[in-house]
Amino acid sequence: MNRYAFVALALGWGVACKPPQPGDPVRGLSKAERARFDSGRAVFESTFTAAVGLGPLFNGSSCAECQEEPVVGGGGDEVERHAALFHPERVGFACDLLAAQGGPVFQDSVTPLLHAALGIDREPLPAGVTTVGRRSTPDVFGFGLLDAVPDSVILSYADPNDTNHDGIKGRPNRFVDGRLGRFGRKAFVPTLRDFNDGAFQAEIGITSPSVPEEGSVTGRPLPPGTDPAPDPELKEHELELADAFVRMLAPPSPLKQSREAKHGREVFARAGCTGCHIPALRTGDNPIAALRHKEVAAYTDLLLHDMGPDLADICFGLATPSEFRTEPLMGLHLATKFLHDGRATTPEQAIELHGGEATRSRDLFRALPAADRAALIAFLKTL
Amino acid sequence: MFRLALLFSALLIVPHSAAAQQTRSSQGKPQAAPAPAAVPHDSVRGAIRVIDVRKRTVEVSTGVGYALRVVPLQVPASASIKDRKGGQLANIALADLKLGDVVRARFGGYAAPFVVYTIERIGRMTTGVDSTP
């Protein structure tokens, strides 16, 4: 082999081994899958106007408007309003997700036509709502892999009665049709496709074959003439492409770990954090080979845990106000705000705000020598 | 033979005349009876959020992702209500349904509340369901 061939081979090998950057697709896609990923990105980045169906109530005019940092598919600085009514005395259906009012998402923007008709600037909350859940925008990197984790894997970590007496329960949430939930801050939505399809209507006000009905204004029908675009406003194949883009986004590659970070990984486990932040989940069978039987370093169990009264806000399906899904930590090094509402600006603050089932781990973190605490944070910043 | 033919003709003609009279009297002018319109059929799978056994009404919460909606249903006494457990179907009463039951309902009608043909209980939100949708 001559020297040039060797250099070319080394360069090629280097490119092939370069970890995916934020916004890249997962490795190993077929040409057809890659083409769908690229076409899906175009749908994801499409900006909707009122003429083509935006709103009349909406939180953003495109998917990419909120999923934007550091690249399309990443998180955003938007914080939206979710609401629900909790009736613990109503056995079997304690959480009213305000389905009669269009669901738990209350949009913060309206089109000029709706403003002219009703004089509102955002969707009013229904009477009786006393608690609002504020939700920051998470990135969606690696969500296709989370979708590919079999239900049985998630359920294998559930311990709702704390039979092992470690203080950590973990119980599954379920959608209103009984399916196991996994997406959203309270693990309510069962599949990535549902998450994406529902978001077009709930976040952008775009109807589709999947969600053909336009939203209401806190349960009241839209005034005539305020939604002139014919339904459905998005075609089935456009929905499929947007889903393909999100599904095939690669999880962020962890950063190279220093000696301190490697020590921090051990401290993380010793403090019991891995009781909920399970380091890796394994996917099952999947139509996309690149998602099939893969290990994803998600650092979550996708289950609900009581996080204590300080973080509590609204119920969601079976989740009580103080229960939240274990937040995946993959991509943490890209985050600038933490927790479900972005109230923490550093990982340390986020840990300090843990309560409920995480109280013991939080207290262990507090009691650590300064060097160990620093090591644990250094580790988190590599994820 | 003639008498039989006359009777047969009368049997054929009389109902048509009566129907035509009915149409005239109700509309004020002669017009062809409209063809019966097809009642739309639909189905829903979701959780019972409200049930009123006395009024025989049920509200089912359903949706896609965070885009949720409610389907109000009227349950006539003739509707079939069944419980599915371990692959076996058993008849149950409306009063046996509870909040949080996951049901699959078939219904028809033009406006809410829609009229139920069948309700099948397939699980509960708290415990999940046996089958995939």
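Residues numbered from 1 in each chain as written. Chains lettered and ligands numbered in written order. Predicted model: local features only at pLDDT ≥ 70, side-chain atom pairs only at ≥ 80, totals over all residues.

Engineer: Sorry if this is basic, but what is going on with the overall build of chain A here?
Structural biologist: From N to C terminus, chain A includes 12 helices and 11 strands. A globule of 383 residues ought to have a C-alpha radius of gyration of about 21 Å, and chain A, at 22 Å, matches this closely. Put simply, 68% of the contacts in chain A that link residues at least 6 apart link residues at least 24 apart. (Helix = DSSP H or I, 4+ residues; strand = E, 2+ residues; numbered from the N terminus. Rg over C-alpha atoms; globule rule 2.2 N^0.38 Å. Contact = placed C-beta atoms within 7 Å.)

Engineer: Explain the environment of Gly65(B) here, please?
Structural biologist: Structurally, Gly65(B) can be placed in the loop between strand 2 (57–64) and strand 3 (67–74). Residues within four places of Gly65(B) in sequence aside, it is in contact with Val189(A), Asp194(A), Phe195(A), Asp197(A), Gly198(A), Ala199(A) and Ala202(A).

Engineer: How do you make sense of the nonpolar core when you look at a structure like this?
Structural biologist: Buried together is how nonpolar side chains tend to be arranged in soluble globular proteins. One finds Phe245(A), Val60(B) and Leu73(B) to be the most contacted residues of the largest nonpolar core, which totals 117 residues. Ignoring anything within four residues of it in the chain, the contact list for Val60(B) reads Val44(B), Gly46(B), Ala47(B), Ile48(B), Val71(B), Leu73(B), Val103(B) and Ala105(B). (Core = buried A, V, L, I, M, F, W, Y, C linked by C-beta atoms within 7 Å. Buried ≥ 20, exposed ≤ 12 C-beta atoms within 10 Å, placed from the backbone.)

Engineer: Before we go on, may I ask you to explain the interface of chain B and chain A in this structure?
Structural biologist: Each partner contributes to the interface: chain B provides 25 residues, whereas chain A provides 28 residues. Breaking the side of chain B that touches chain A down by element, the ones donating at least two residues are strand 1 (41–52), strand 2, strand 3, strand 7 (114–124) and strand 8 (128–129) of chain B. Considering only residue class, the side of chain B that touches chain A consists of 12 nonpolar, nine polar and four charged. (Nonpolar A, V, L, I, M, F, W, Y, C, P; charged D, E, K, R; others polar.)

Engineer: Is there a simple way to think about helix 9 (residues 259–270) of chain A in this case?
Structural biologist: Along an α-helix, residues three or four positions apart point the same way, because every turn accommodates 3.6 residues. All names here are of chain A. The end-to-end C-alpha distance of helix 9, which contains 12 residues, comes to 17 Å, matching closely the 16 Å that a straight helix rising 1.5 Å per residue would cover. Buried residues of helix 9: Ala 261, Gly 264, Val 267 and Phe 268, and no others. Seen along its axis, helix 9 keeps its buried residues to an arc of 105°; they face one direction. Taken from the residues just after helix 9, Gly 272 is the one with a positive phi, measuring 85°. (Expected span 1.5 Å × (residues − 1). Arc of directions from axis to C-beta.)

Engineer: Looking at this structure, I do not really get helix 7 (residues 192–204) of chain A. What am I missing?
Structural biologist: Its 13 residues give helix 7 of chain A an end-to-end C-alpha distance of 17 Å, which sits within 8% of 18 Å, the value for a rise of 1.5 Å per residue. Of all the bends in helix 7 of chain A, the largest measures some 30° and sits at Gly198(A). Buried residues dominate helix 7 of chain A, accounting for 12 of its 13 residues. Those residues of helix 7 of chain A that fall on the buried side of the exposure criterion are Leu192(A), Asp194(A), Phe195(A), Asn196(A), Asp197(A), Gly198(A), Ala199(A), Phe200(A), Gln201(A), Ala202(A), Glu203(A) and Ile204(A). The secondary structure elements touched by the buried residues of helix 7 of chain A are strand 1 (57–58), strand 5 (105–106), helix 5 (143–147) and helix 8 (236–247) of chain A together with strand 2 and strand 3 of chain B. Trailing helix 7 of chain A by a residue or two, Gly205(A) shows a phi angle of about 75°, which is positive. (Bend = angle between axes of the 7 residues up to and from the residue.)

Engineer: Would you explain the domain arrangement of chain A in this entry?
Structural biologist: By convention, interface size is frequently given as the accessible area that disappears when the constituent parts associate. Residues and elements named next belong to chain A. Domain annotation of chain A identifies domain 1 (31–141 + 183–247) and domain 2 (259–380). Just the C-alpha atoms count here: the centres of domain 1 and domain 2 sit 26 Å apart. Taken together, the elements giving at least two residues each to the side of domain 1 that touches domain 2 come down to strand 2 (76–83) and strand 7 (132–137). Ranked by the residues each element gives to the side of domain 1 that touches domain 2, the list is headed by strand 7, at four residues. Within the side of domain 1 that touches domain 2, the residues separate by chemical class into 12 nonpolar, six polar and six charged. (Domains from an automatic or database assignment.)

Engineer: What exactly am I supposed to notice about the confidence of the model for chain B here?
Structural biologist: Fine structural detail should not be taken from predicted coordinates in areas where pLDDT scores are low. Residue and element names in this part refer to chain B. For chain B, the average pLDDT comes to 79, and 68% of its residues sit at 70 or higher. Model confidence for chain B, summarised as mean pLDDT per element, is weakest for helix 1 (residues 2–27) at 41 and strongest for strand 2 at 98. Across residues 6–32, confidence stays below pLDDT 50; counting only partners more than four residues off in sequence or on other chains, it has six contacts. Overall fold confidence for the complex sits at a pTM of 0.89, while the interface term, ipTM, reaches 0.94. (pLDDT = per-residue confidence, 0-100.)

Engineer: I'm lost on the pairing of strand 3 of chain B in this one. Help?
Structural biologist: Each regular strand carries side chains that alternate between the two faces of the sheet. Residue and element names in this part refer to chain B. Summarising burial for strand 3: six of the eight residues are buried, a large majority. Across eight bridges, the pairing between strand 2 and strand 3 is antiparallel. Bridge pairing in strand 3 places Glu 59 opposite Pro 72. Between the end of strand 2 and the start of strand 3, which pair antiparallel, lie two residues, with Gly 65 showing a positive phi angle near 60°. The pairing of strand 3 with strand 7 spans two bridges and is classified as parallel. Its bridge partner lying in strand 7, Gln 74 is registered against Val 115. (Pairing = 2+ DSSP bridges.)

Engineer: Even after reading the chapter, I still don't get the packing of helix 9 of chain A against helix 12 (residues 370–380) of chain A, so can you show me in this structure?
Structural biologist: Two numbers describe a pair of packed helices, the interaxial angle and the distance between the axes. All names here are of chain A. Contact geometry of helix 9 with helix 12 gives a least axis separation of 7 Å together with a crossing angle of 100°. It follows from the interaxial angle that helix 9 and helix 12 lie roughly perpendicular. Facing helix 9, whose interface residues are Glu 260, Ala 261, His 263, Gly 264, Arg 265, Val 267 and Phe 268, helix 12 presents Asp 372, Ala 375, Leu 376, Ile 377, Ala 378 and Phe 379. Per-class residue counts for the contact of helix 9 with helix 12 are eight nonpolar, two polar and three charged. (Axes fitted to C-alpha atoms, helices over the stretch in contact; angles between N-to-C directions. Parallel < 35°, antiparallel > 145°, perpendicular 65-115°, else oblique.)

Engineer: Please clarify how unusual backbone geometry should be interpreted in this entry.
Structural biologist: Leave glycine aside and you will find that most residues have negative phi; peptide bonds, for their part, are mostly trans. Residue and element names in this part refer to chain A. The residue after Gly 55, namely Pro 56, is reached through a cis peptide bond having omega 10°. If you trace the backbone, Pro 56 turns up in the loop between helix 2 (31–45) and strand 1. Here the bond from Asp 231 into Pro 232 is cis, since omega is -5°, no more than 30 degrees from zero. Even without a glycine there, the phi angle at Leu 302 is positive, about 60°. Its place among the elements puts Leu 302 in the loop between strand 9 (295–296) and strand 10 (304–306). The buried category is assigned to Leu 302, around which 26 C-beta atoms lie within 10 Å. With a phi angle near 75°, Leu 339 is a residue other than glycine that sits in the positive phi range. For Leu 339, the location among the structural elements is in the loop between strand 11 (323–325) and helix 10 (347–352).

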